Amino acid sequence: MQTLRASGLRAAILYGGEPTLRPRVCRAADEIFDATLAFTNGTNGFPELHNGQWILSLDGPEDVNDAIRGSGTYKQAVQNLRHAGCPPIVHMTISRLNRNSIDDFVREILGLPIKGIGFSFLTPDVEESDEVALGLEERDKAVEELLRLRSRYGEKIGFTAAMARQLRSNGAFGQWNQYAKCPVTKRVRCYRSDGTRKACTYGNGADCSRCGCAAVTVFRGAFKPFNLETVRLILGLVFPGLMASGKQKGDLSHPKSKGTLETD
Ligand code: SF4
């Protein structure tokens, strides 16, 4: 990491398996880079990061999440989340396993002390069928649902109209869904935990023609063309204090939601 920083890289993203199993690596990244985003399943808590932001991977309400991520993980993560020094951002990977739970999950999770919630769509490997990943038509419908949630609940829903355009099958999706055109792999260097390079965040076999990567969506949403609303979202990720600085909209109709949706 020190070599990478010396070569000019300023930010790190730590993810999968589970970065908190290697706390020294998390601490080192936090010290070496100007900004670190670390994805976790939340079961080991949220150790303090001085220049970083924890992203909590949850994939639905308790029953749905635990069917995907293992029994008891939701309760444990939520319990830890309530004691986190700095509220995490929640990230949901949408697939056929949780497609019908997005609304319920968002309502539930916005009642907890989080900075916001972001979404990816499951990106399958080339040889994988659409058994779990959404087909593009189904994904278009889910994209519209995310936009409805944003207009109902406000900026804590980290999904803008410009991002939606990047994912729609009749939008800009065809402009970047090939390896040679992927803006993220041009700018981001991806490594396995043993330090060897891999082609992209999803590994060497990812199917670009069905990519649902949030990083591509947010990057292109912000800059192709320039879109201030999405730039604000990126700034909120890199500088956590800025995240979701807008007012929360709507009545969440959730018993625990009152007073917990204030900005940080
Ligand atoms: S699968 Fe990987 S390389 Fe392909 S478009 Fe998505 S992020 Fe880029």
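Residues numbered from 1 in each chain as written. Predicted model: local features only at pLDDT ≥ 70, side-chain atom pairs only at ≥ 80, totals over all residues.

Asks: For the overall build of the protein chain, give the residues involved together with the corresponding values.
Replies: Of the regular secondary structure elements, the protein chain holds ten helices and seven strands. Intrachain contacts of the protein chain at a sequence separation of at least 6 include 64% that bridge at least 24 residues. (Helix = DSSP H or I, 4+ residues; strand = E, 2+ residues; numbered from the N terminus. Contact = placed C-beta atoms within 7 Å.)

Asks: Provide a residue-level description of the pairing of strand E5 (residues 116–121), including the pertinent values.
Replies: The buried fraction of E5 is high, at six of six residues. Covered by surrounding structure in E5 are Gly116, Gly118 and Ser120 together with Ile117, Phe119 and Phe121, the residues of both alternating faces. When strand E4 (residues 89–94) meets E5, the two strands line up parallel, connected through six bridges. For valine 90, the partnering residue across the bridge sits in E5 and is isoleucine 117. Note that the unit made of E4, helix H5 (residues 102–109) and E5 has a crossover that is right-handed. (Buried ≥ 20, exposed ≤ 12 C-beta atoms within 10 Å, placed from the backbone. Pairing = 2+ DSSP bridges. Right-handed = clockwise from strand over helix to strand, strands pointing away.)

Asks: So, the sheet that holds E4: which residues are in play, and what are the values?
Replies: One open sheet accounts for five strands, arranged E1-E2-E3-E4-E5; its pairing is parallel. What marks the edges here is a single partner per strand, and that holds for strand E1 (11–14) and E5. Strand-to-strand twist in this sheet, taken as the mean axis angle between neighbours without regard to direction, amounts to 20 degrees. Two strands pair when backbone bridges link them, and strand E3 (residues 52–57) and E4 are joined in this way by three bridges, in the parallel orientation. Of the residues in E4, the one forming a bridge with leucine 56 is valine 90. (Axes fitted to C-alpha atoms, helices over the stretch in contact; angles between N-to-C directions.)

Asks: Now, about the site of the ligand: what can you tell me, with residues and values included?
Replies: The environment of the ligand is formed by 14 residues, the closest being Cys182, Cys200, Ala206, Cys208 and Cys211. Here the shell around the ligand is composed, by residue class, of ten nonpolar, four polar and no charged. (Near = placed C-beta within 6 Å. Nonpolar A, V, L, I, M, F, W, Y, C, P; charged D, E, K, R; others polar.)

Asks: Residues and numbers for the packing of helix H3 (residues 62–69) against helix H4 (residues 73–82), please.
Replies: Any two packed helices are characterised by how steeply their axes cross, that is the angle between the axes, and by the distance between the axes. The geometry of H3 relative to H4 is characterised by a closest axis approach of 8 Å and an angle of 110 degrees between their N-to-C directions. By the criterion of interaxial angle, the relationship of H3 to H4 is roughly perpendicular. Contacts between H3 and H4 involve Glu62, Asn65, Asp66 and Arg69 on the former and, on the latter, Thr73, Tyr74 and Lys75. Considered class by class, the residues forming the contact of H3 with H4 number one nonpolar, two polar and four charged. (Parallel < 35°, antiparallel > 145°, perpendicular 65-115°, else oblique.)

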